[in-house]
Amino acid sequence: MVNVLRPADHTDLRDRQGGRPVVEKIACWSARHRKAVVACWLLFVALAFVGGKMLGTQSRPQFDPGQAGQAEQVLYGLGVTTPPSESVLIQARTPGATFKNDASMREATQAVVTALQRLPGAAEDIASPFSPGGRSLVSANGRSALVTFRVAGPHASADTTVGRDMAAVAAVQARYPRLTVAEAGDASTDAASNALLDQDFRKAEGTSVPITLVLLVTVFGALIAAGIPVVLAGAAVTASISLLAIPSRWLPIGQGTAEVVLLLGMAVGIDYSLFYLRREREERAAGRSFAEALRIAGATSGKAIVISGLTVMISLAGLFLTGIDEFTGMAFGTITVVGVAVIGSLTLLPAVLAMLGEWADRCRIPFLGRRRTAARPSRLWAGLIRRVVRQPVAWGGAALLALLALASPALGMRIGNPVIDLPKNLAVVQTLDRINAEFPGRPAPAQVVVTGEHLAGPAVLHALAELAHRATAAGPIGKPVTAALVAAGRALVVNVPLAGNGSDAASNAALLALRDRVLPATLGTVKGLSYAVTGNTASNYDWSATVHARTPLVLAVVCLLAFGVMMAAFRSILLPVISIGLNLLSVAASYGLITLIFQDGHLEGLLSFTSYGAIADWVPLFMFVLLFGLSMDYHVFILSRIRERRMAGASTRDALAGGIASSAGVVTSAAVIMVAVFSIFATLSFVDVKTLGVGLAFAVLIDATVVRGILMPAAMAMLGERCWYLPRRLAWLPARIGEPAAQPRIREPAAQPRIREPAAQPRIGEPAAQPRIREPVAEPTAV
């Protein structure tokens, strides 16, 4: 292996530590102690993986927000659980056959009952057409019959227990091939959902890495260099997913958290590695040694990675403000993977590069490797930027109108959840559809959970009678109103049917009438009682209401914190405003696209989904915080390169062309990889995951093309030198990124070999008037 950092190089790095940026010190230290750093990372990932497997994820239950969640917590605290219900459909395939005249249907129904009775630990409360009052379990046309039961045993193991029931039903189906004998219900649907989620996760995991590796080989032209970002991203994702076992003891870590961590971890891990590697290659192509190139990459790209990672984590932390359990787990997991990726970029990446040395460029691809080794400015992007800055109003106005037109469908976005968020081709979903068609019924009633003293007393009974009296066939609440004591009389659960189909405006109006008028006038008159309404309608309504109420707070806090970070980083108040405004515009355009596709039903065949006329309630807010952070990646890196040239003496317009052109290759490559990774999720099974993948991929594409190539340079060109304006009252802010001008510098010993650059080249990131810098190559290029 080539020893890149020779003894002289080690001394060179140590002599320059005084007064240098912390990220540069970390990179130099990691390069000098490369074996120890790599060993520590291997040990960290191994311990995290083994520890996560040993501990296992034991997520706390997720409760809905609002009043529905309060009722759920009361029932959970009392240990009240409702066993999952299942139904077995027996349906004739022969035209004209009915339960009454077809002996095989009656035999198959009895066979199902007998098979379930032989599983006392898996099925209970079995009911069939042969049971007392079982006539309602035969359809109106007589062609279908139902056998209903509840899954026995602990509620936590229902998904496993129901497998025994389904096996018994499948055995009956095998004996009666001329009939349809199929099972569906709460537990079987949940089991199918978990199996599909696990399958999707493995598919995404197995697809994203090969696709990413192929794209990285195209970018770098060498197999070893292409594998470095995958190794870093893979280490960050593996460690982060394993570490989720620790917070799952006290935080609600949902099933989809691992998918989101994989998606984001691969994206940012590869992005950060790509930016760092390309800068290191660029410095080596300029004639600098490996040690010098690593030092400069650490001082420039390393610091930009820290600012970018901090902005992403701030955006994701906005999810904590929602107060929604599902978002809390996602926020913790995604912040963890971004933090691990940042730390890996600052330590593991320079250590691996120092260990590999020239071997990083080995295994080149024929006809591609030599051309990809050196990073050169893009003449295509430079030409486009020059046209934009000459006519910023025309170019910027056209791009702005196009994105606003694309964002306009988002004004009609509807938020909601499907009854079953599963593909229609699943057997359990098809069975549920058949059952609903043959046995149409009203939606599940609202549940009023009542606690207090004397729940069986006359005052409570009188209030319940008054509640039942207010139920009418045409009113907001219907009949029958039923009540049952649970948890040894410590709580009372009242079932109240609601108008509507369970998710429409009529159901929501009925829910509000129950909460705001009916209950206060009945149960609310009894002293010492407290109550909360839950159920499917209440859960969906409270979810949407909470998201709508908290979204302005999340947007305001995320934008304000991002503004503060970027203002401190670039010492400008206008650049953060431009970046935030452009981020919001790209998010709005992405919202418009997902509304057109997933709400209005376009491209259903191509993307293999069935629209239910709305967007999943968690997707828009999560997309915002994720896209806002990821978009800042590009803005930070591009603005850093622009400011390098601006601080070297170039005008803002020249800095725009040079900065965007010099970063064009790496930003384009990073965007292509990120779009490819996000697009994988558009091929998965769940509609909400498809929506997220398409929205993220499109927004990244917009950011890397229209925003980077037209809108950002147009806005900065119109502002001119005012881009860098900072009020005097904010002069106390720390020095700009990578600009340690006020700190003393340690000159290098005269015996150190130095690479002199032509005198005509400006010193990037250092004011030309500073005489103490003898050689530009000795100081880091500023971000």
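Notes on the structure follow. Throughout this document, residue positions are counted from 1 along each chain, in the order its sequence is written. With pLDDT at 70 or above as the cut-off, local features in this predicted model cover only qualifying residues; side-chain atom pairs require 80 or more to be listed or tallied, and sums for whole chains, interfaces and linings still use all residues. The side-chain values count all of the structure's non-hydrogen atoms but skip hydrogen atoms and water molecules.

Each pair of strands is called paired provided DSSP finds at least two bridges between the two strands. For helices the rule is a DSSP run of H or I covering at least 4 residues; for strands it is a run of E covering at least 2, with both sets numbered from the N terminus onward. If you trace the four strands from one edge of the open sheet to the other, you get β2-β3-β1-β4, paired in antiparallel fashion. Edge positions in the sheet fall to β2 (123-127) and β4 (179-185), since each of these pairs with one other strand and no more. Strand-to-strand twist in this sheet, taken as the mean axis angle between neighbours without regard to direction, amounts to 20 degrees. Here strand β1 (residues 85-92) pairs with β4 via seven bridges, running antiparallel. Directly across from L89, in β4, lies its bridge partner A182. Should any heavy atoms of two residues lie within 4.5 Å, those residues are counted as being in contact. Where helices are involved, their axes are fitted lines through C-alpha atoms of the stretch in contact, as for all axes, and angles between N-to-C directions lie from 0 to 180°. Against the sheet, helix α6 (residues 158-175) contacts β1, β2, β3 (144-151) and β4, and its axis sits at roughly 175 degrees relative to β4. Its contacts with the sheet put helix α7 (residues 186-220) on β1, β3 and β4, and the angle it makes with β4 is roughly 80 degrees.

Glancing now at unusual backbone geometry. That bond from K479 to P480 is cis: its omega, 0 degrees, falls within 30 degrees of zero. Turning to its location among the elements, P480 is positioned in the loop between α17 (458-469) and β6 (482-486). The backbone of H454 sits at a positive phi, close to 55 degrees, despite the residue not being glycine. Tracing the sequence through the fold places H454 in the loop between β5 (446-451) and α17. Unlike most non-glycine residues, R571 shows phi in positive territory, near 50 degrees. Inspection of the secondary structure assignment puts R571 in the loop between α19 (536-570) and α20 (574-599).

Inspection of the secondary structure assignment puts K479 in the loop between α17 and β6. The classification of residues rests on relative accessible area computed with a 1.4 Å probe and restricted to protein chains. Under 20% of the type maximum is buried, over 50% is exposed, and intermediate values are partly exposed. Relative accessible area serves as the criterion here: at 58%, K479 is assigned to the exposed category. In this structure K479 touches A471 and P497, once residues within four positions along its chain are discounted.

A word on the nonpolar core. Counting 168 residues, the largest nonpolar core has F622 and M716 as the members making the most contacts within it. Considering each element in turn, this core owes the most residues, 18 residues, to helix α24 (residues 687-719). For M716, the contacting residues outside a window of four places in its chain are L575, I578, L639, I642, T652, L656, C723 and W724. Grouped together as the second largest cluster of nonpolar side chains are 28 residues, A111, A145, V151 and V162 included. Take the buried Ala, Val, Leu, Ile, Met, Phe, Trp, Tyr and Cys residues and link them wherever side-chain atoms come within 4.5 Å; each set so joined is a nonpolar core.

Moving on to the sheet that holds β6. Read from one edge of the open sheet, four strands run β6-β7-β5-β8, paired in antiparallel fashion. Looking at the sheet topology across the chains shown, the edges are occupied by β6 and β8 (530-534). Neighbour to neighbour, the strand axes of the sheet diverge by 20 degrees on average, direction disregarded. Here β5 runs beside strand β7 (residues 491-496); their pairing, made up of six bridges, is antiparallel. Opposite V448, over in β7, you have V494 as the bridge partner. Sheet strands in contact with α17 are β6 and β7, and its direction is about 10 degrees off that of β7. Seen against the sheet, helix α18 (residues 505-521) touches β5, β7 and β8 and runs at an angle of roughly 160 degrees to β8.

Remember, this is a structural readout, not a statement about activity or role.
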